[in-house]
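# Chains, contacts and geometry: an overview
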Amino acid sequence: MIPEREVKKDKIQPKEKTGSFAIFDIEHFIRRVLKNWYWFVMMLMIGYGIAYVYGKYYAQNIFSSSLSLSVSNNTASYFTPNQSINFIWGQNGNQDGIYLKKMLLSRTHNEFLVKELGLFVNYKTKGVIKATYLDKDDSPVFLEVDRKHLQQVNYPITIIPKTNGAYEIQLPEEGESTSLYNYEVEGYHSVDSYTRPGNKTVKVNEWYTTSNLRFRLVPNPKIQAIKLDNIIVELATVNDAVNGIIGTMSVDFDKEINTIMIISKTGYNLNSTVNFLNKSVTELQKKRFADKNILDENTKEYLEDNLKSIRRKLDSSAQVMNHLKTSEKLYDIKNRDEKSLEKIKELDAKKADLVSKLTSLNTIRNNVDGQNFEKMISTTAAGFEDGLFQASVSEMKALYAKRRDMASIYTPNSEPMKEINRLISEARVNSNGALRNYYTVYTSEISKINQQIDNANIDLDTYPEKQRKYLDAERGYNMIEATYNSILSRQNESQLRLATNKSDISVIDPAKNLGQGPIGPNVEGTKSMIMGGLLALPLLFIGIGAFLDTKIRNIKELLSVTKIPLLGVIGNNGNGDTMLTVLEQPKSSVSEAFRGIRANMRFLSGENDKSKVILVTSSVGGEGKTYVSINLSSVLGLSDKKTILLGMDLRKPKIFNDFNIDNKYGISNYLTGEVGIEKIINKTRIPNLDVATSGPIPPNPSELLMSEKNMQFIDELRTMYDFIVIDSPPVGLVADSFELMKHSDANLYVVRHEYTEKYMLKMITEKYHDNEIKHLGFVYNDYNTKQGYGYGYGYGYGYGYGYGYFDEDKNYKEPMLIRMRNKLREFFNKK
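None of the values given here were measured: they were computed from a predicted structure.

### Here we look at the packing of aromatic side chains
Inspection of the entire model under this criterion finds 11 aromatic pairs. With a centroid separation of 5.8 Å and 70° between ring planes, the pair formed by phenylalanine 594 and tyrosine 627 is classed as edge-to-face. Of the two residues, phenylalanine 594 sits in helix α15 (residues 589-600) while tyrosine 627 sits in helix α17 (residues 625-638), which places them 33 residues apart along the sequence. Residue phenylalanine 594 shares its accessibility class with tyrosine 627, and that shared class is buried. Clustering of aromatic rings is evident, with ring pairs tying together Phe120, Tyr181, Tyr183 and Tyr188.

### Description of the side chain of glutamine 151
Residue position: glutamine 151 is located in the loop between β4 (141-145) and β5 (157-161). With a relative accessible area of 0%, glutamine 151 lands in the buried category. A distance of 3.0 Å separates a polar atom in the side chain of glutamine 151 from the backbone oxygen of aspartate 146. The residues contacting glutamine 151, other than those within four sequence positions of it, are Val145, Asp146, Leu180, Tyr181, Tyr183, Asn212, Leu213, Arg214 and Leu235.

### A short note on the pairing of strand β18 (residues 643-647)
Across the 5 residues that make up β18, a large majority, 5, are buried. Residues Thr643, Leu645 and Gly647 of β18 are buried on one face, and the alternating residues Ile644 and Leu646, pointing to the opposite face, are buried as well. Judged from the 4 bridges that link them, β18 and strand β20 (residues 689-692) form a sheet pairing that is parallel. Its bridge partner being in β20, isoleucine 644 is matched across the sheet by aspartate 690. Sheet topology places β18 next to strand β21 (residues 723-727); 5 bridges connect them, and they run parallel. Bridging across to β21, glycine 647 finds its partner in aspartate 727.

### Quick look at the sheet that holds strand β9 (residues 200-203)
Across the sheet, which stays open at both edges, the 6 strands sit in the order β3-β2-β12-β5-β6-β9 with antiparallel pairing between neighbours. Edge positions in the sheet fall to β3 (131-134) and β9, since each of these pairs with one other strand and no more. Recorded for the sheet is a direction-independent mean angle of 30° between the axes of neighbouring strands. Across 4 bridges, strand β2 (residues 121-126) lies against β3 in antiparallel orientation. Pairing of tyrosine 123 across the sheet is with leucine 134, part of β3.

### Describing the environment of isoleucine 223
Position of isoleucine 223 among the secondary structure elements: in the loop between β11 (214-219) and β12 (231-235). Owing to a relative accessible area of 82%, isoleucine 223 belongs among the exposed residues under this scheme. Taking the C-alpha atoms as reference points, isoleucine 223 and proline 140, 83 residues apart in sequence, are found 7.6 Å from one another.

### Overview of α15
Its 12 residues place the ends of α15 16 Å apart at the C-alpha level, agreeing with the 16 Å of an ideal helix rising 1.5 Å per residue. Among all positions of α15, only Ser589, Val590, Ser591, Ala593, Phe594, Gly596, Ile597 and Asn600 are buried. At its buried positions, α15 is contacted by β16 (566-571), α14 (581-584), α16 (602-605), α17, β22 (746-752) and β23 (776-783).

### Looking at helix α12 (residues 523-548)
Helix length check: α12, at 26 residues, gives a terminal C-alpha distance of 37 Å against a target of 38 Å (1.5 Å per residue), a fit within 8%. Along its length, α12 reaches its greatest deviation from straightness, about 25°, at leucine 537, and the proline proline 538 lies no more than four positions downstream. Listed in full, the buried residues belonging to α12 are Val523, Met531, Leu534, Pro538, Ile542, Gly543 and Ala546. Against α1 (26-35) and α2 (37-58) lie the buried residues of α12.

### Describing the sheet that holds β16
In space, the 8 strands of this open sheet follow the order β16-β23-β22-β17-β21-β18-β20-β19, with mixed pairing throughout. Edge strands, defined here as strands with exactly one partner in the open sheet, are β16 and β19 (681-683). On average, each strand axis in the sheet is inclined to that of its neighbour by 25°, with strand direction left out of account. Pairing between strand β17 (residues 612-618) and β22: 5 bridges, direction parallel. By the bridge assignment, valine 616 is partnered in β22 with leucine 748.

### Observations regarding the pairing of strand β14 (residues 260-267)
The side chains of a regular strand alternate, residue by residue, between the two faces of the sheet. Burial within β14 is extensive, with 6 of its 8 residues counted as buried. Where strand β1 (residues 63-71) and β14 come together, 8 bridges link them in antiparallel fashion. Opposite serine 65, over in β14, you have lysine 265 as the bridge partner. Direction of pairing for strand β13 (residues 249-253) relative to β14: antiparallel, over a ladder of 5 bridges. When the sheet's bridge partners are listed, phenylalanine 253 is paired in β14 with methionine 261.

### Thoughts on unusual backbone geometry
Of note, the amide linkage connecting glycine 520 to proline 521 takes the cis form, showing an omega dihedral of -5°. Phi is positive for asparagine 164, which is not a glycine, with a value near 60°. On the secondary structure map, asparagine 164 appears in the loop between β5 and β6 (166-170). Among the residues examined, asparagine 164 registers a relative accessible area of 70% and is labelled exposed.

### Digging into the pattern of salt bridges
With the rule as written, the count across this model stands at 29 salt bridges. We note a salt bridge from lysine 286 to glutamate 283, for which the minimum N-O separation is 3.9 Å. Of this pair, lysine 286 and glutamate 283 both sit in helix α7 (residues 270-327), 3 residues apart, which is roughly one turn of the helix. Lysine 683 is paired through a salt bridge with aspartate 690; the nearest N and O atoms lie 3.5 Å apart. Via salt bridges that share partners, Arg107, Glu111, Lys115 and Glu186 belong to a single interconnected network.

Scoring rules and cut-offs
- Residues numbered from 1 in each chain as written.
- Predicted model: local features only at pLDDT ≥ 70, side-chain atom pairs only at ≥ 80, totals over all residues.
- Heavy atoms only, no water.
- Phe/Tyr/Trp six-rings, centres within 6.5 Å; stacked < 30°, edge-to-face > 60°.
- Helix = DSSP H or I, 4+ residues; strand = E, 2+ residues; numbered from the N terminus.
- Buried < 20%, exposed > 50% of the residue type's maximum accessible area, 1.4 Å probe, protein only.
- Polar contact = N/O pair within 3.5 Å; in protein donor to acceptor, adjacent residues only side chain to side chain.
- Contact = heavy atoms within 4.5 Å.
- Pairing = 2+ DSSP bridges.
- Axes fitted to C-alpha atoms, helices over the stretch in contact; angles between N-to-C directions.
- Expected span 1.5 Å × (residues − 1).
- Bend = angle between axes of the 7 residues up to and from the residue.
- Salt bridge = Lys/Arg side-chain N within 4 Å of Asp/Glu carboxyl O.

So, in structure tokens, the structure goes:
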């Protein structure tokens, strides 16, 4: 049965929820997606094509190679370029490894490599579409730049191999610049405009000179495995080349052994990354070895000079002691306090060592303050290893060198010079701060030792003056001797380092080309993104359309929201030329749907012998209420029920054209008293069906419809007919139909598929649940047969099953998805 309203006295449904539809209809969205499947197929094909072209012709593979090395000791160098203090501060376990990491990533080291190896010259070759980056050794010739000549950078130079070892130089048709780069000063210079250089054929070692370029081609001694049709060379600035290298390098330490470093580099050519890593480490080893030798040589010379001076003092002190022995006859002192004397001797030895270190510390500080970096000695001569100080001195040395280079370009008061002076001052403060800390420690230790010596000397005050004089001379000699031995020990260490000196960097695994695959880009991921993005476009448009769609498209949602009974579903009227579907096509599915509505109306009006007044209305015009009124009346008339159809939409007269009736006299004439009731009732082709048209449009249709005479008119027709069908005005536009509903036995509200707006049903739904309207049911009109099956048996399907039962079934074609489903069922049923 058709569900009736549930009226609960103890609980009333909140009004704000009545008639409120969901913002997004997921079922309708899925149906639209399935309906537009071809867009997804087309986008998938386009996406696959774009992804294929991208992967084959545009994606540049990125390769990675790595090298591992070991740092054998903690000897750091002042001359390590551009080491950052912040990088070293707080690193105690592997300071030298940190130094090397900073060196490998430093601008100074990589700038040296760029200039030494000519890494500002980039090689590639181009096919029909895609360009491939080359290693320098892959090219049959090298491009050697005249660094004294102004050059245009980022300007592609195409080299075409010709016969007899000649090469054609082709330049771009446009793009000449008047801002040219000078590799000697690493800056740009402006020149006057010039004519574009023409193409020219040159031989190897022949200089090619134009206004914006000067270079020559040098043959590659290695034999190339692949013959290239073209080589494209682009020059880059030193700064760009250095930044490009630093940005593609990484240095990490082994998790188990922190003195092992893993250096990695990425690039578009695997051989280039391999060659660069090996060359970088080779140059690093050479630099470190040279720096260590210079430092140890300086330390050795410094200690030798100190030993000479100490030796003279030691000889002088020995002479004093001998004089006291011979002149004062002090060969032996009786009752010597050997314990106190041994303690004083030990304290004097410690003091002598500290004084020696303090002297070396002062020497280091004087070299730093005097910028005499070439004469720097190792901090081991001063008895300490300090990464902070070593890094700050290295930083200062590099900054002073850079300032000297900049002085030829910038004025003293320019911003770049002010900035580098600030950095030098900062490095000087850091280095002086580190030295000051050690100076404070040494002087503090010496003060403590002096205090202990003074305490020990109290015990010697009991000795006679001559004996104390001899003991003082003996202590002086011992102290000088201890200093001499301390310096001699450090000299031996320095000589040993020089004799066995070698690079503290040893390569464990050099970088190699083992045929490693590219690490990027993620071509498959990019392809998936391209295809997914294109597939998402129709999904997005359909989603936006579904979100903005306010039409009624879902019968299930309509009933669940409004909770108003559904009397039937009317399919699309395939014959749009006539509205008399029941008369013209009695065996059609639409006609059968109207018969189902006729049967279902008894649940609204009840079973009795009284005449039934059936009112048909809708939200707005165009939803098919007149079409439903005409065909419902036809069904009732054909079922031997005396029926009359009243055209009470006085503002928009209809009906008369469909039944070929003259609308000269109608209900408006009767209600104004112009004619009698017999004048407005017209016969039709159906013996039991009469029609009363609306008549001419009156100036006051609402007053006429709600007049007492109209109610008397309906009551009089009850005595003459079994069914009275009223085609009333739309309730969304005028209130006439609400008044007429009070006098009707059944009210049919027509909702048109994909036409009626959702918000239009809120008013009728609220009135229904507030019991202002009774005996109300929906008729769902113009349902598209391609949307799927109907709502349920007994409500009027409105279209054919496809089994030859209705007239439409002879032209019925199952949807593609249904056909695919049936084919799958047949396939599995055979098994």
